[in-house]
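Residue-level listing of the chains:
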Amino acid sequence: MKRFLFSALAFLLFGAFLAEMIRSYPGYMLLAVGGKRIEMNLWVAIGALAAGLLLLFFAIWLLRSLLRGIGGGVSRIRFGRQRVARRRLTSGLVEFMEGNWSRARRQLLKSAPRSEAPLINYLAAARSAFELGYRDEANELLAKAEASGEDTRLAVALSQARMQLLDKHYEQCIASLERAKQVEPRHPALLQLLKQAYYRLGDWNGLRELLPQLEKHSNMREEELQQLELEVYQHQLGDAASRRDAEKLREVWNSLNGRWQRNLELRCLYARQLHEIGDDAEAEKQLRWVLNREWRPQMARLYGCLTGADAAAQLTVAEGWQKEYGENADLLTCLGRLCLQNQLWGKARQYFEKSLLLRSDPATSAELARLLYALGEKEQASELYKEGLIQAVADLPQLPLPGREKPLLDTGT
């Protein structure tokens, strides 16, 4: 209130002062323009000039406001559409992540023409169309994605490869990735997709060639990479053995570095496959190396089945394991078989009998039975054959038989 009163007082004083100035100093102004003379009171001229300036400033302000309004309207129209496109893109991507393929495809395609990143729209829409079963449309959208800007080739190739992988078109997937590899040979996602395609196709040679790149650039965990490498070598050895290609089998084994040749799992597999293709002499060397370092019952049983280069030396090696690892059923069966190879019939019988005392086993029963039969003890051999057969077929149902009140296999419970 005080400010208003003060302003009103100041305005009145200024008006009184101005009126006194006009009365005391009337003056006039003469303006000559092109031979014409214009005379007027000085204060009228000052007032007209002030009014003209005010009108000029008002016109400029009005023009600027009009231009600003037009520009704002254009911006609202332009950027409003972009905001709508962004909202649709966000909505489409949310639907995409949730697996609502139909809605995702619709939102992404609507926003694509005005999107700031149409590549994302087309790639996500292509995957959505693929999930809906629209394969041709998915390919068309991938083509639009590739044409939407520069440096899109890798992203499009990876998207296409993922779809081909899901469709189990592994050869096409590998071809797409090999083309993309020319753009970015060390890309982790590309290497991972190649690994999956080779693995599902069963191309172990291709996967083995990829292993060094996976080790350097794929960001795989060490345990996962080692397991993959082990599987590759196991399958390569298995493929060679299944073709009974002894030369190829040795070639694959010799191509392994020392770390993998010292792997007990691989060496056991190699020994079994050597036995399968008939190279018992080399298989004996490999199993001897394994069992000298770690006791493996199944490998001990296999060792007893091998016909090594020197049967007597083979028996001596196995008897050394008896001192180191103690008596167990598998080793005793192995020793019994090696004694048979050395024609030590009595010693073989003792080993088989000791093994059966420790554990009932159909194979050991059969070995002892055929030895006894060959020695002329046919009745005892028949009993062992019967016991071995019942042990081998332990899941026979309990059924009544002629001349018996209870089933033959009744345990009395």
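Structure: above.
Calculation rules
Residues numbered from 1 in each chain as written. Predicted model: local features only at pLDDT ≥ 70, side-chain atom pairs only at ≥ 80, totals over all residues. Heavy atoms only, no water. Helix = DSSP H or I, 4+ residues; strand = E, 2+ residues; numbered from the N terminus. Buried < 20%, exposed > 50% of the residue type's maximum accessible area, 1.4 Å probe, protein only. Contact = heavy atoms within 4.5 Å. Areas by Shrake-Rupley, 256 points an atom, 1.4 Å probe, with all protein chains shown as cover. Core = buried A, V, L, I, M, F, W, Y, C linked by side-chain atoms within 4.5 Å. Patch = residues over 30% accessible without salt bridge, like charges linked within 9 Å, V, L, I, M, F, W, Y side chains within 5 Å. Salt bridge = Lys/Arg side-chain N within 4 Å of Asp/Glu carboxyl O. Expected span 1.5 Å × (residues − 1). Arc of directions from axis to C-beta. Lys, Arg positive; Asp, Glu negative; His and termini not counted. Charge placed at Lys NZ, Arg CZ, Asp CG, Glu CD. Axes fitted to C-alpha atoms, helices over the stretch in contact; angles between N-to-C directions. Parallel < 35°, antiparallel > 145°, perpendicular 65-115°, else oblique. Left-handed = near helix turned anticlockwise from the far one by under 90°. Nonpolar A, V, L, I, M, F, W, Y, C, P; charged D, E, K, R; others polar.

Q: How should I be thinking about the overall build of the chain in this particular structure?
A: Helix and strand content of the chain: 20 helices and two strands. For the chain, with 413 residues in total, the buried portion stands at 33%. Counted over contacts in the chain with a minimum sequence separation of 6, partners at least 24 positions apart contribute 49%. As presented, the chain carries roughly 25,900 Å² of accessible surface, and 56% of it is formed by carbon and sulfur atoms.

Q: Even after reading the chapter, I still don't get the nonpolar core, so can you show me in this structure?
A: One broad rule of soluble globular proteins: the nonpolar side chains tend to lie buried together. Leu 177, Leu 190, Leu 214, Leu 237, Leu 266 and Tyr 303 are the most contacted members of the largest nonpolar core, which has 70 residues in total. If sequence neighbours within four positions are ignored, Leu 237 has contacts with Leu 249, Val 252, Trp 253, Leu 266, Leu 269, Tyr 270 and Gln 273. In terms of nonpolar packing, the next biggest core, distinct from the first, is built from 18 residues, Leu 89, Leu 123, Ala 124 and Val 156 among them.

Q: Even after reading the chapter, I still don't get a nonpolar patch on the surface, so can you show me in this structure?
A: Together, Leu 53, Leu 56, Phe 57 and Ile 60 give the surface a local cluster of nonpolar side chains, amounting to about 390 Å² of exposed area. The topology assignment puts Leu 53 in helix α2 (residues 42–98). The class for Leu 53 is partly exposed, based on a relative accessible area of 40%.

Q: Mind showing me how you'd approach helix α7 (residues 170–181) here?
A: For the α-helix, the turn length of 3.6 residues means that residues three or four positions removed from each other point alike. Taking 1.5 Å of rise per residue, the 12 residues of α7 would be expected to cover 16 Å, and the 16 Å separating its terminal C-alpha atoms lies within 8% of that figure. Among all positions in α7, only Tyr 170, Cys 173, Ile 174, Ser 176, Leu 177, Ala 180 and Lys 181 are buried. Seen end-on, α7 carries its buried residues on one side only, within an arc spanning 160°. Contacts from the buried residues of α7 go to α6 (153–166), α8 (188–201) and α9 (204–217).

Q: What is the right way to look at the environment of Gln 322 in this model?
A: When you line up the elements, Gln 322 lands in helix α16 (residues 311–325). With residues up to four places along the chain from it excluded, the contact list for Gln 322 reads Glu 327, Leu 331, Leu 332, Leu 335 and Tyr 351.

Q: When you look at the pattern of salt bridges in this model, what are you seeing that I'm missing?
A: Oppositely charged side chains are able to pair whenever their charged atoms sit close together. In this structure the tally under the stated criterion is 20 salt bridges. Two residues, Glu 137 and Arg 105, come together in a salt bridge whose shortest N-O distance is 2.7 Å. With a gap of 32 residues between them, Glu 137 in helix α5 (residues 135–147) and Arg 105 in helix α3 (residues 101–111) connect regions that are remote in the sequence. Assessed through its relative accessible area of 22%, Arg 105 is described here as partly exposed. A single salt-bridge network, built from bridges that share partners, covers Arg 301, Asp 330, Arg 359 and Asp 361.

Q: What exactly am I supposed to notice about α3 here?
A: Among all positions of α3, only Ala 104, Leu 108 and Ser 111 are buried. Along the long axis of α3, the arc covered by the buried residues comes to 70°, so they all point the same way.

Q: In this structure, what is going on with the environment of Arg 88? I would like to understand it.
A: Relative to the elements of secondary structure, Arg 88 occurs in helix α2. Sequence separation of Arg 88 and Arg 106 is 18 residues, and the distance between their C-alpha atoms is 9.3 Å. Discounting chain neighbours no more than four positions away, the residues touching Arg 88 are Gln 107, Lys 110 and Ser 111.

Q: Help me understand a positive patch on the surface, please; the structure alone is not making it clear to me.
A: Taken together, the side chains of Arg 83, Arg 87, Arg 88, Arg 106, Lys 110 and Arg 114 present a region of like positive charge at the surface. If you list the elements that add at least two residues to the positive patch, you get α2 and α3. Per-element accounting of the positive patch gives the leading share, three residues, to α2. By secondary structure assignment, the location of Arg 114 is in the loop between α3 and α4 (118–131).

Q: I keep staring at the packing of helix α17 (residues 329–341) against helix α19 (residues 362–374) and nothing clicks. Help me out?
A: To characterise two packed helices, one gives the angle between the axes of the helices and the distance between these axes. Where α17 contacts α19, the two axes come as close as 11 Å, and the packing angle between them is 30°. What the angle tells us is that α17 and α19 run roughly parallel. Read as a crossing pair, α17 and α19 show a hand that is left-handed. Here α17 contributes Thr 333, Arg 337 and Leu 340 to the contact with α19, which in turn contributes Ala 363, Thr 364, Glu 367 and Leu 371. Here the contact of α17 with α19 is built from residues that sort into three nonpolar, two polar and two charged.

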